[in-house]
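Structural features, examined
The primary structure of each chain is shown beneath.
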Amino acid sequence: MGSFIWIPIAFLVIFTILSGVFIVKQQTAVLIETFGKFTSVRQSGIQFKIPFVQRIAARIGLKIQQLDVIIETKTLDDVFVKLKVSVQYVVIKEKVYDAYYKLEYPHEQITSYVFDVVRAEVPKMKLDDVFVKKDDIAIAVKSELQDAMLDYGFDIIKTLVTDIDPDAQVKEAMNRINASERQKTAAQFEGDAARILIVEKAKAEAESKRLQGQGIADQRREIARGLEESVDVLNNVGINSQEASALIVVTQHYDTLQSIGEETNSNLILLPNSPQAGSDMLNNMIASFTASNQIGEAMKEQNAKKGIVNKKRGNSNNS
C-alpha cells in the first residue's frame, strides 16, 4: 500500500521538472520573469526555468518583419493621392528588453511616424514630382524612424514607397495627356517622313528631267549630224542646200503620215494631202529658205556698213 502512495508523488516530481524545461526556436528570444519581475532573456536552444516561480513573459521574433502603411495626403498642386509605404524592421537582439517593455504597440508607433513624415514631405511636391522623388520620401521616412525607434530596440532595415495611387479622374487625365503627347510625336514623325519623301521625289524628278534633257540633246545632236550627212550626199549629186533641206522635210512629212496610218489607236489629225500638197510644200519651203537667206545677207551688209561708219567716226575723233 505504501508503494502506491509514492507513484503519484513521482509523477508530480517528474511533471514539475518537465514544466521547467522549454525550447526556444532559432531567431527567437524568450523573456523570463520571476514573480512578475524581469529576470533574463533566453536565446535559441533548450532552456530551464524554476517551476511555479518563473514564467515565460513573451516570445520575441528576431526575423525581419514588414509593416505596410497606406497614407492619403495632398500634393502641392492640390491632388489627393494614396501612398503605400512598406517598412522593414527587426528587433535588435541585444535590446529585446526595450522592444518588449518600452512599447506596448510597436506597429501603431511605427505607423504614426510614417504618417507624420509622409504628410510633411508630400505636400511640398507636385504630383509628377511624387512619382519621380519617391525614393526621397522613403529615405526621409527611414531617417525619422531610425532615430525614433532605435531607443525602443528596433532597427529600421529599409523603407519603400511601393505604390502611388492618385484619384481615378486624375489618372484618366494623366493618361489622356500622355496619349496626346504620343499622338503629337507620331504626327511630327509622320510629317518629317512625308517631307523627306517629297524632297526625295523632287530630287528624283529633277534628276529624271536632267537625264531626259540630256537624252533629247543627244538625240537632236545625232539628228543634226544625220541631216548634215544627208545634205552632203544630196550636194554631191547636184542638189543645193535649200532644195536638199526642203526634200528632207517633205520626206519626214510622208514618213509621219505613214506612221500615223500604221497606228490603229492614234488620234485623228487633219493634214493637207491633195496631189499637189507635196509640191506646194516643197515650193513654199524653198521660197522660205531663199527669203531667209536674202534677209540674212541684207542684215550682214547693213552691219558691215555700220561698222565702217563707226570706224571713220572714231578716227575723226582721234584726229
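Reading guide: rules and limits
Residues numbered from 1 in each chain as written. Predicted model: local features only at pLDDT ≥ 70, side-chain atom pairs only at ≥ 80, totals over all residues. Heavy atoms only, no water. Helix = DSSP H or I, 4+ residues; strand = E, 2+ residues; numbered from the N terminus. Buried < 20%, exposed > 50% of the residue type's maximum accessible area, 1.4 Å probe, protein only. Contact = heavy atoms within 4.5 Å. Expected span 1.5 Å × (residues − 1). Arc of directions from axis to C-beta. Lys, Arg positive; Asp, Glu negative; His and termini not counted. Salt bridge = Lys/Arg side-chain N within 4 Å of Asp/Glu carboxyl O. Polar contact = N/O pair within 3.5 Å; in protein donor to acceptor, adjacent residues only side chain to side chain. Pairing = 2+ DSSP bridges. Axes fitted to C-alpha atoms, helices over the stretch in contact; angles between N-to-C directions. pLDDT = per-residue confidence, 0-100. 1 Å grid on protein atoms, 1.4 Å probe; cavity = no way out; pocket = protein on both sides within 12 Å on 5 of 7 lines; lining within 4 Å. Points joined across faces, edges and corners; volume = space filled by probe spheres on them. Nonpolar A, V, L, I, M, F, W, Y, C, P; charged D, E, K, R; others polar. Phe/Tyr/Trp six-rings, centres within 6.5 Å; stacked < 30°, edge-to-face > 60°.

Okay, the overall build of the protein chain next. Counting secondary structure elements, the protein chain contains eight helices and eight strands. Taking all 319 residues of the protein chain together, 22% fall into the buried category. The contacts in the protein chain between residues at least 6 apart in sequence include a share of 64% that link residues at least 24 apart.

A word on helix 3 (residues 106–121). Along its 16 residues, helix 3 runs 23 Å from first to last C-alpha, staying within 8% of the 22 Å computed at 1.5 Å per residue. Looking at helix 3, one finds that the buried residues are P106, I110, V114, V117 and V118. Angular distribution of buried residues about the axis of helix 3 spans 95 degrees; they occupy a single face of the element. Of the surrounding secondary structure, the elements contacted by the buried residues of helix 3 are strand 6 (65–74), strand 7 (80–91), helix 5 (134–149) and strand 8 (154–166).

On to the side chain of R42. Position of R42 relative to the elements: it lies in strand 3 (residues 37–42). Buried R42, no salt bridge; nearest opposite-charge side chain is E33, N-O distance 13 Å. In contact with R42, not counting residues within four places along its chain, are F22, V24, T28, A29, V30, I32, Q47, F48 and Q54.

By the secondary structure assignment, T111 is in helix 3. Sequence-wise, T111 and I71 are 40 residues apart; in three dimensions their C-alpha atoms are separated by 9.4 Å. Residues in contact with T111, not counting those within four places in the same chain, are L67 and V69. Here the side chain of T111 touches H107 through a polar contact of 2.8 Å, landing on its backbone oxygen.

All right, on to the sheet that holds strand 5 (residues 54–61) then. Taken in spatial order, the three strands make up an open sheet running 3-2-5, and their pairing is antiparallel. Of all the strands in the sheet, the pair left with one neighbour each is strand 3 and strand 5. Direction aside, neighbouring strands of the sheet carry axes that sit 25 degrees apart on average. Looking at chain direction, strand 2 (residues 28–34) and strand 5 are connected through seven bridges and run antiparallel. Paired with I32 across the two strands is I56, which belongs to strand 5.

Read across the open sheet, the three strands follow the order 6-7-8; overall the sheet is antiparallel. Of all strands in the sheet, those with a lone pairing partner are strand 6 and strand 8, marking the two edges. Across this sheet, the average inter-strand angle for adjacent strands is 20 degrees, counted without regard to direction. Bridging between strand 6 and strand 7 involves ten bridges; their strand directions are antiparallel. In the strand pairing of strand 7, Q65 is matched with Y89. Packing of helix 3 onto the sheet brings it into contact with strand 6, strand 7 and strand 8, and relative to strand 6 it is tilted by some 35 degrees. Contacts from helix 5 reach strand 7 and strand 8 within the one sheet, and its direction differs from that of strand 8 by about 145 degrees.

We now examine the confidence of the model for the protein chain. Across the protein chain, the average pLDDT comes to 78, with 71% of residues at or above 70. Within the protein chain, strand 7 carries the highest mean pLDDT (91), whereas helix 7 (residues 241–262) carries the lowest (64).

A few words on the layout of surface pockets. Its volume calculated, the largest pocket comes out at about 170 Å³. I60, A99, Y100, P106 and F154 are the residues nearest the centre of the largest pocket, which is lined by 13 residues in total. Of all the secondary structure elements, the ones that give two or more residues to the lining of the largest pocket are strand 5, strand 7, helix 2 (96–101) and helix 3. If you tally residues by element for the lining of the largest pocket, the top one is strand 5, at three residues. Classifying every residue of the lining of the largest pocket by side-chain character gives eight nonpolar, three polar and two charged.

To continue, consider the packing of aromatic side chains. Considering all chains together, one arrives at five aromatic pairs under this definition. When the centroid spacing of 5.8 Å and the interplanar angle of 65 degrees are considered together, the rings of Y89 and F154 count as edge-to-face. In this pair, Y89 is assigned in strand 7 and F154 in strand 8, connecting sequence segments 65 residues apart. On the basis of relative accessible area, Y89 is assigned to the buried category, the value being 2%. Pairing Y100 with Y101 gives two aromatic rings, centres 4.8 Å apart and planes at 85 degrees, and the pair type is edge-to-face. Residue class for Y101 comes out partly exposed when judged on its relative accessible area of 30%. Through successive ring pairs, a cluster of aromatic residues spans F38, Y97, Y100 and Y101.

This brings us to the pattern of salt bridges. Taken as a whole and judged by the stated rule, the model has seven salt bridges. When the shortest N-O distance is used, the salt bridge between R195 and D192 registers 4.0 Å. Of this pair, R195 and D192 both sit in helix 6 (residues 168–236), three residues apart, which is roughly one turn of the helix. Accessibility expressed as a relative area gives 48% for R195, which makes it partly exposed. The class for D192 is partly exposed, based on a relative accessible area of 37%.

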